[in-house]
Amino acid sequence: MRCLTNPLLKRLLGLSPQCMPGGLSQSKGPILSPKWSPLRQICSARPGLMTATDMVSYWQKVFETNGIPEAQESSEYIVSFVLGAKTFQSLSSKSLCTPLTAAQQEQIQQLSNKRLERMPVQYVLGEWDFQDLTLKMKPPVFIPRPETEDLVSLVVEEESQKCEKNSGLCFPVPVPHPVILEMGCGCGAIALSLLYQLPQSRVIAVDKEEAAVDLTRENAHSTHVPFFPKLLPALGLQRRAISVSGCTELHLFTFCHPVPALRLQLHERIHVLHHDVSYSSAKQLLLWGPVDFIVSNPPYVFHEDMASLDAEILRYEDLNALDGGDDGMGVIRTILTLAPSLLKDSGSVFLEVDPRHPNMVENWLQAHPNLLLVLHAVHKDFCGKPRFLHIQKRSR
């Protein structure tokens, strides 16, 4: 999987100022510096002499000349993608030294030109990894941020704890398969990750943007995962170990029957709705009855902060997926108002929010005791900022 340090990935995305201040300059157009033109000429005239390392070096310098953030990483991702690898570091020595074909160089140039226009790397490549899943990415659908992986983990942990408590009872009771509602599904990253990590779960994913709904559906049908040993039984593989030099085990995998593509069939457990959630949306969202969890990464950027977002965001992403109104709580209030009529007793709401929101949400809930919702916990992101809220429905 593609793996970056979180701050680095945030720079590539051009993220909100709470964790990584913006302020990147907006170039009026790409500049191909004259001093790099010899490389360009070699690339065109003698394609057989250019290697992956040469191309990374060349495009890194072009990106730096044009003020593109994370120039080296951008060029490495583009070159490795064309060569069929997740990261530049995962390429073999042979791949790094083998001359690129003219077609490969042309593809690298086309993708790099998009990056020169400040298109996020995720859109340039058309895919990105979120937790264990590889998802398709298309503008203007919101790109999932790295901290949102922690939101998924919190929901999985809560469900696991519920199951453990039940199994510890003297007379365990049958536990219904969890039903999860995601409001504002975007590309489907949260919903599909929850389906993957909670194999018995079902998800209703809602978004008001048709492009987001279409992409979530597409990802639900096509999402795949890298090869992991835990997938062996599902793939019809058997493992057998042999001794090497009397001390080392070498694991061999034998196909029991033809192996299908690593598709997860997640579309069988998700219902995707094209719907603009409002205060009167409860009936449309109760497809499978009350839900166990409501999860959302809603628009939460304060409107006054929108203008300071980076060029990658302002040019390419759906700004409605970011703008939370004057206090960033426009959609949050709608979700919390609907929650009591959607949740089972003791059900939970998990939200990603601005670091200024926890106190604001707590005060708002205290001012609306009829909702029977209580702020159960606040969790920090990898920047140490209060980012995630766990809100629970009280029993009457």
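About the thresholds
- Residues numbered from 1 in each chain as written.
- Predicted model: local features only at pLDDT ≥ 70, side-chain atom pairs only at ≥ 80, totals over all residues.
- Heavy atoms only, no water.
- Helix = DSSP H or I, 4+ residues; strand = E, 2+ residues; numbered from the N terminus.
- Buried < 20%, exposed > 50% of the residue type's maximum accessible area, 1.4 Å probe, protein only.
- Contact = heavy atoms within 4.5 Å.
- Phe/Tyr/Trp six-rings, centres within 6.5 Å; stacked < 30°, edge-to-face > 60°.
- Lys NZ or Arg CZ within 6 Å of the ring centre and 35° of its normal.
- Polar contact = N/O pair within 3.5 Å; in protein donor to acceptor, adjacent residues only side chain to side chain.
- Right-handed = clockwise from strand over helix to strand, strands pointing away.
- Pairing = 2+ DSSP bridges.
- 1 Å grid on protein atoms, 1.4 Å probe; cavity = no way out; pocket = protein on both sides within 12 Å on 5 of 7 lines; lining within 4 Å.
- Points joined across faces, edges and corners; volume = space filled by probe spheres on them.
- Nonpolar A, V, L, I, M, F, W, Y, C, P; charged D, E, K, R; others polar.
- Expected span 1.5 Å × (residues − 1).
- pLDDT = per-residue confidence, 0-100.
- Axes fitted to C-alpha atoms, helices over the stretch in contact; angles between N-to-C directions.
- Parallel < 35°, antiparallel > 145°, perpendicular 65-115°, else oblique.
- Left-handed = near helix turned anticlockwise from the far one by under 90°.

**Quick word on the overall build of the protein chain**
- The secondary structure content of the protein chain amounts to 15 helices and eleven strands.
- Taken over 396 residues, the protein chain has a buried fraction of 49%.
- Residue pairs at least 24 apart in sequence account for 70% of intrachain contacts in the protein chain once pairs closer than 6 positions are excluded.

**Some thoughts on the packing of aromatic side chains**
- Applying the stated criterion across every chain, the model contains four aromatic pairs.
- Ring centres 5.0 Å apart and planes at 70 degrees place the aromatic pair Y58 and W59 in the edge-to-face group.
- You can call W59 buried: its relative accessible area is 1%.
- Note on Y77 and W128: the rings are 5.2 Å apart at their centroids and 65 degrees apart in plane angle, and the pair reads as edge-to-face. Taken together, the positions of Y77 in helix α4 (residues 71-82) and W128 in strand β1 (residues 127-130) put the pair 51 residues apart, joining distant regions of the chain.
- Note on W128: relative accessible area 6%, which makes it buried.
- Over the face of the ring belonging to W288 we find R202, whose NZ or CZ atom lies 4.6 Å from the ring centre.
- The side chain of R356 reaches across the aromatic face of F302, ending 3.7 Å from its centre.

**Here we look at the environment of T98**
- Here T98 is to be found in the loop between α5 (93-97) and α6 (102-116).
- Distance in space between the C-alpha atoms of T98 and A52 is 7.6 Å, their sequence separation being 46 residues.
- Dropping the residues within four chain positions of it, T98 is found in contact with M50, T51 and A52.
- Within the local environment of T98, its side chain forms a polar contact with the backbone oxygen of K94, the two atoms lying 2.5 Å apart.

**Comments concerning the pairing of strand β4 (residues 202-207)**
- Most of β4 is tucked away, with five of its six residues classed as buried.
- Handedness of the β-α-β unit built from strand β3 (residues 179-183), helix α9 (residues 189-197) and β4 comes out right-handed.
- Two elements, β4 and strand β7 (residues 270-274), share five bridges in a ladder whose sense is parallel. Note on β7: the bridge partner recorded for I204 is H271.

**Regarding the layout of surface pockets**
- There is about 580 Å³ of room inside the largest pocket.
- Forming the boundary of the largest pocket are 34 residues, of which G184, C185, D207, P299 and A321 lie nearest the centre.
- Secondary structure elements with two or more residues in the lining of the largest pocket: β3, α9, β4, α10 (210-222) and α14 (330-342).
- The element that contributes the greatest number of residues to the lining of the largest pocket is α14, accounting for four residues.
- Looking at the lining of the largest pocket residue by residue, the classes come out as 19 nonpolar, nine polar and six charged.
- Here the second largest pocket defines a volume of roughly 340 Å³.
- Lining the second largest pocket we find 19 residues, and of these E158, K162, S348, H390 and Q392 sit closest to its centre.
- Where the lining of the second largest pocket is concerned, the elements lending two or more residues are α8 (148-167), β8 (291-296), β9 (343-352), β10 (373-380) and β11 (386-393).
- Classifying every residue of the lining of the second largest pocket gives four nonpolar, eight polar and seven charged.

**Points about unusual backbone geometry**
- Looking along the chain, the bond that leaves P139 and enters P140 is cis, with omega of 5 degrees.
- Relative to the helices and strands, P140 resides in the loop between β2 (133-136) and α8.
- If you check the backbone angles, R118 has positive phi at about 70 degrees while not being a glycine.
- Located in the positive-phi region is S346, a residue other than glycine, with phi close to 65 degrees.
- Locating S346 in the fold gives a position in strand β9.

**As for α4**
- Over its twelve residues, α4 extends 17 Å from the first C-alpha to the last, a length consistent with the 16 Å expected when each residue adds 1.5 Å.
- Within α4, ten of the twelve residues are buried, which leaves it mostly tucked inside the rest of the structure.
- Where α4 is concerned, the buried positions are A71, E73, S74, S75, E76, Y77, I78, V79, S80 and V82.
- With its phi angle positive at about 80 degrees, G84 sits one or two positions after the end of α4.

**Brief notes about the confidence of the model for the protein chain**
- Looking at the protein chain as a whole, the pLDDT averages 83, with 76% of positions reaching at least 70.
- Low pLDDT, under 50, characterises residues 3-12; the stretch is placed with 30 contacts to residues that sit more than four places away or in other chains.
- Across residues 33-47 the pLDDT falls below 50, and counting only partners more than four positions away or on other chains, this stretch makes 18 contacts in the model.

**Section: the sheet that holds β8**
- On the basis of which strands lie adjacent, the open sheet formed by seven strands has the order β7-β4-β3-β8-β9-β11-β10 and mixed pairing. The sheet is open, and its two edges are formed by β7 and β10, each paired on a single side. The mean inter-strand angle of the sheet, taken between neighbouring strand axes irrespective of direction, is 15 degrees.

**Some points on the packing of helix α3 (residues 52-65) against α6**
- It is the contact of α3 with α6, at a shortest axis distance of 11 Å, that shows an interaxial angle of 20 degrees. The orientation of α3 with respect to α6, classified from their angle, is roughly parallel. Our pair here, α3 against α6, has a crossing hand that is right-handed. Contacts from M55, W59, V62 and F63 in α3 reach Q105, I108, Q109, S112, N113, R115 and L116 in α6.

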